[in-house]
Amino acid sequence: MIQFPDYTHSLVNLVSSAAGYFGIPCAHPPLAELEEILKCGRYRNIVLFLFDGLGCSVLEKHSEASAFLRKHFVCPISSVFPPTTTAAVTSVETGLTPIEHGRIGWTVYFPQIDKNVNLFTNTLKDSKEQAEVYHVGNRFIPTETLEQKAALKYTPPQDNPADGMQKEPRFYTVSKFGTTKIHSSKQMFDEVYRLCNESGKKYIYGYNEKPDSIMHISGTFSLPAKLSVKHINRCVQRFCRRLKQSPAGRDTLVLVTADHGHIPIRNIELTSFPRLGAMLLRRPSIEPRAVNFFVKPECLNDFPNVFAECFKTVFPASLLPKDKNGRLSECAGQCFPAGDADFILFSKKEILETKLFGSGTEHLSVHGSLGDYLAAACSDITLVDSPKSNHFKSHHAGLTADEMLVPLIAIR
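Thresholds, definitions, all that
- Residues numbered from 1 in each chain as written.
- Predicted model: local features only at pLDDT ≥ 70, side-chain atom pairs only at ≥ 80, totals over all residues.
- Heavy atoms only, no water.
- Buried < 20%, exposed > 50% of the residue type's maximum accessible area, 1.4 Å probe, protein only.
- Helix = DSSP H or I, 4+ residues; strand = E, 2+ residues; numbered from the N terminus.
- Pairing = 2+ DSSP bridges.
- Phe/Tyr/Trp six-rings, centres within 6.5 Å; stacked < 30°, edge-to-face > 60°.
- Lys NZ or Arg CZ within 6 Å of the ring centre and 35° of its normal.
- Axes fitted to C-alpha atoms, helices over the stretch in contact; angles between N-to-C directions.
- Parallel < 35°, antiparallel > 145°, perpendicular 65-115°, else oblique.
- Left-handed = near helix turned anticlockwise from the far one by under 90°.
- Contact = heavy atoms within 4.5 Å.
- Nonpolar A, V, L, I, M, F, W, Y, C, P; charged D, E, K, R; others polar.

Here's the deal with the pairing of strand S9 (residues 202–208)
Each regular strand shows side chains that alternate between the opposite faces of the sheet.
Here comes step 1: Taken across its seven residues, S9 has seven buried, putting it largely inside the fold.
Here comes step 2: Judged by which residues are buried, S9 turns out to be covered on both faces: Lys-202, Ile-204, Gly-206 and Asn-208 on one side and Tyr-203, Tyr-205 and Tyr-207 on the other are all buried.
Here comes step 3: Bridge count between strand S2 (residues 45–51) and S9: seven bridges; the pairing is parallel. The residue bridging Asn-45 from the neighbouring strand is Lys-202, located in S9.
Here comes step 4: Inspection of the sheet shows strand S7 (residues 170–175) paired to S9 by five bridges, in the parallel sense. The residue bridging Tyr-172 from the neighbouring strand is Ile-204, located in S9.

Digging into the side chain of Thr-400
Here comes step 1: Its place among the elements puts Thr-400 in the loop between strand S20 (394–395) and helix H16 (401–404).
Here comes step 2: Under the relative-accessibility criterion, Thr-400 is labelled buried at 9%.

What about the packing of aromatic side chains?
Here comes step 1: Going through the model one piece at a time under the given rule, you end up with 25 aromatic pairs.
Here comes step 2: Ring centres of Phe-4 and Phe-346 lie 6.4 Å apart, and the angle between their planes is 85°; this geometry places the pair in the edge-to-face category. Taken together, the positions of Phe-4 in the loop between strand S1 (2–3) and helix H1 (11–21) and Phe-346 in strand S17 (residues 343–347) put the pair 342 residues apart, joining distant regions of the chain. We note that Phe-4, like Phe-346, is buried.
Here comes step 3: Here Phe-307 and Phe-311 contribute two aromatic rings whose centre-to-centre distance is 5.1 Å and whose plane-to-plane angle is 40°, an arrangement assigned as tilted.
Here comes step 4: A residue is classified by how much of its surface remains accessible, and Phe-307, at 0% relative accessible area, is buried.
Here comes step 5: By relative accessible area, which is 4% here, Phe-311 ends up buried.
Here comes step 6: Site record: aromatic cluster; members linked through ring pairs are Phe-273, Phe-293, Phe-303, Phe-307, Phe-311, Phe-343 and Tyr-373.
Here comes step 7: If you follow Arg-139 out to its NZ or CZ, it ends over the ring of Tyr-134, 3.6 Å from the centre.
Here comes step 8: Here Arg-282 stacks its cationic end above the ring of Tyr-109, 4.1 Å away from the centre of that ring.

A closer look at the packing of H1 against helix H2 (residues 32–39)
Here comes step 1: Running from N to C, H1 and H2 cross one another at 30°; their axes reach a closest spacing of 8 Å. Classified by the angle between their axes, H1 and H2 sit roughly parallel to one another. For the pair H1 and H2, the sense of crossing is right-handed. Here Leu-14, Ser-17, Ala-18 and Tyr-21 of H1 come into contact with H2, specifically with Leu-34, Glu-35 and Leu-38.
Here comes step 2: Residues of the contact of H1 with H2, tallied by class, amount to five nonpolar, one polar and one charged.

So, in structure tokens, the structure goes:
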């Protein structure tokens, strides 16, 4: 099933509700289901745990209906496009869509240095070599997180002698990469628990890299993946039990979600298609399941046909209607049978018309980072660049429902 992102019912809307609850305005509407939950209680703390790769299908496959997380499941929501850590986690941390924050995939092309750079690791694509002595992403695609917005909006918290409470909420990011750094899942839960028991209002975002890091290597439906999901379920249940037993932590809403799902894949190397490779200005970027092509000017018209000769391809115009001006309609969470298609091939114009990367003001970097065509996977075929690329057993970033849909879980 082809599943387009729904930016009215997504991770962006989830954080719009959570941040808005503490007075931080966001650019996008809130999530209706979370708004209903927030109306039913007065919460001093909101905790958002994001477990990398714990999409709806992964959670359902690897846990029983009676499992703690599934018992508190509220509804499926949409990730962003591409449904991958760099784009989705940045959306969670900023409240912006990928088109707005500009961090549109694991590997982004930077015209300023003419290099494909892995954003989070600051390395060159398919390499451990540092891209530059400075962090390329932070220099050319800086972001303002919700934590930073809160710090700008509110003066440093002052204790109120009358009630011992701080006047304004504090925002925390607890992860190996966050402003509150930890080095294990146990440390994450312990640190979040400690923060919940401090006085004052708080929004606490905790990120953990599992089960994604396990599924890439062992497979979507492997025993290690199953054990990882069960471990997460136990840890969240234990954490919530501790909060209930703590007078200072009881008025906490715990939310659990993921950045994307996962599917089993078949890796195919682009170097096996020399005719396609000869049409490219540079090596592809973004993701192996959201493949960004810069095409030589003399090959622009022929590229779609040549790509369709190599892979079973559908085009957006065959899926989405056009308006009276001939522009494609927004994708807006629509779903379609995939049939036997391997990829949907978008032109750059179609990407922007359909708002595939979301609505909002386009980040200045996007125009230079987006190529002429983008192939979004809607089957298990994953187009890795070469033998040097990672050949994972399980992946994400395509337009299937199993990759796009993530859970909203709420424990009150």
